[in-house]
Amino acid sequence: DIPKAIWNSPEVACMVVSQSEEGNDQPVVEYANIAALETVGLKKNEFEQLFSTKPKELQTADDIKPAVDAIQLDLPPAMKGDKKFERGYKKKMLRQEEPGDVTIVDAYRWDVEKSTFEGGKFVTESIGVGYAWGEWLIGEHLVCSPGGVMNEIEEEL
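Everything quoted here is computed from the prediction, not taken from an experiment.

### Looking at the pairing of strand β1 (residues 13-19)
The two faces of a sheet get side chains in turn, since along a regular strand they alternate between them.
Part 1 of the argument: Burial within β1 is extensive, with six of its seven residues counted as buried.
Part 2 of the argument: Where β1 meets strand β5 (residues 121-133), five bridges bridge the pair, whose relative direction is antiparallel. Paired with C14 across the two strands is A132, which belongs to β5.
Part 3 of the argument: Pairing of β1 with strand β2 (residues 27-32) involves five bridges; the strand directions are antiparallel. When the sheet's bridge partners are listed, S18 is paired in β2 with V28.

If you want it as structure tokens, here you go:
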């Protein structure tokens, strides 16, 4: 069961973000596995804290929460230029005072595309960016990996 293996992966954090409907650069988290949730300090049952709002079809008047209550990530929702894949990516994805900023290191990112058949030919459009990483930094000297592994280092990665 591949989807379950990705969700429970003990080695790789995976997240997919897309452009918000408002057209700003704030990413919308479409998917995050357990290790990606751990990266930002969440447990597997706290996924909704990554949403600035719920999808429209799931919203009710009682549970629409302001975007400021959600965790605000700083991951680009689109790849720039002709680039469709990148490895060795490093990005400060969450800015916070305590316990420190969260930076993904040696990550992979790729353009997530959707193909449709229009006018007799296939048309491909970008619908977001996928990210995968096995380590992240908290602050400048604490290297973490899925499963609660934390190692203090002397030099910045």
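### Considering the pairing of β5
Part 1 of the argument: Sheet analysis places strand β4 (residues 102-118) next to β5, joined by eleven bridges and oriented antiparallel. Bridging across to β5, D111 finds its partner in V129.
Part 2 of the argument: Between the antiparallel neighbours β4 and β5 lie two residues, among them G119 with a positive phi of about 55 degrees.

### Topic: the side chain of T103
Part 1 of the argument: Here T103 lies in strand β4.
Part 2 of the argument: Among residues more than four places away in sequence, those in contact with T103 are K90, K91, K92, M93, W136 and L137.

### Things to note about the pattern of salt bridges
For side chains bearing opposite charge, pairing can occur when the charged atoms are close.
Part 1 of the argument: All chains considered together, the criterion is met by eight salt bridges.
Part 2 of the argument: Its salt-bridge partner being D74, residue R95 comes within 3.5 Å of it at the nearest N-O pair. In this pair, R95 sits in the loop between β3 (85-94) and β4 while D74 sits in the loop between α2 (34-39) and β3, placing the two residues 21 residues apart along the sequence.
Part 3 of the argument: Each of D74, K91 and R95 takes part in one network of salt bridges that share partners.

### Notes on the environment of L75
Part 1 of the argument: Along the chain, the position of L75 falls in the loop between α2 and β3.
Part 2 of the argument: Here the alpha-carbon distance between L75 and Q26, two residues 49 residues apart in the chain, equals 8.1 Å.

### Overview of the nonpolar core
Part 1 of the argument: Core analysis: the biggest nonpolar cluster contains 28 residues, and M15, L50, L73, M93, I104 and W133 have the highest contact counts within it.
Part 2 of the argument: Residue assignment for this core shows that the elements contributing at least two residues are β1, β2, α2, β3, β4, β5 and β6 (135-138).
Part 3 of the argument: When neighbours within four sequence positions are excluded, W133 is seen to be in contact with E11, V12, A13, M15, A36, T39, M93, I104, V105 and A107.

### A word on unusual backbone geometry
Part 1 of the argument: Each neighbour pair has its own omega, and for E98 with P99 the value is 0 degrees, a cis peptide bond.
Part 2 of the argument: Along the chain, P99 turns up in the loop between β3 and β4.
Part 3 of the argument: Here D106, not a glycine, exhibits a phi torsion of approximately 50 degrees, which is positive.
Part 4 of the argument: Within the secondary structure, D106 is located in strand β4.

Cut-offs and rules
- Residues numbered from 1 in each chain as written.
- Predicted model: local features only at pLDDT ≥ 70, side-chain atom pairs only at ≥ 80, totals over all residues.
- Heavy atoms only, no water.
- Buried < 20%, exposed > 50% of the residue type's maximum accessible area, 1.4 Å probe, protein only.
- Helix = DSSP H or I, 4+ residues; strand = E, 2+ residues; numbered from the N terminus.
- Pairing = 2+ DSSP bridges.
- Contact = heavy atoms within 4.5 Å.
- Salt bridge = Lys/Arg side-chain N within 4 Å of Asp/Glu carboxyl O.
- Core = buried A, V, L, I, M, F, W, Y, C linked by side-chain atoms within 4.5 Å.

The quantities given are spatial measurements derived from coordinates; they are silent on function.
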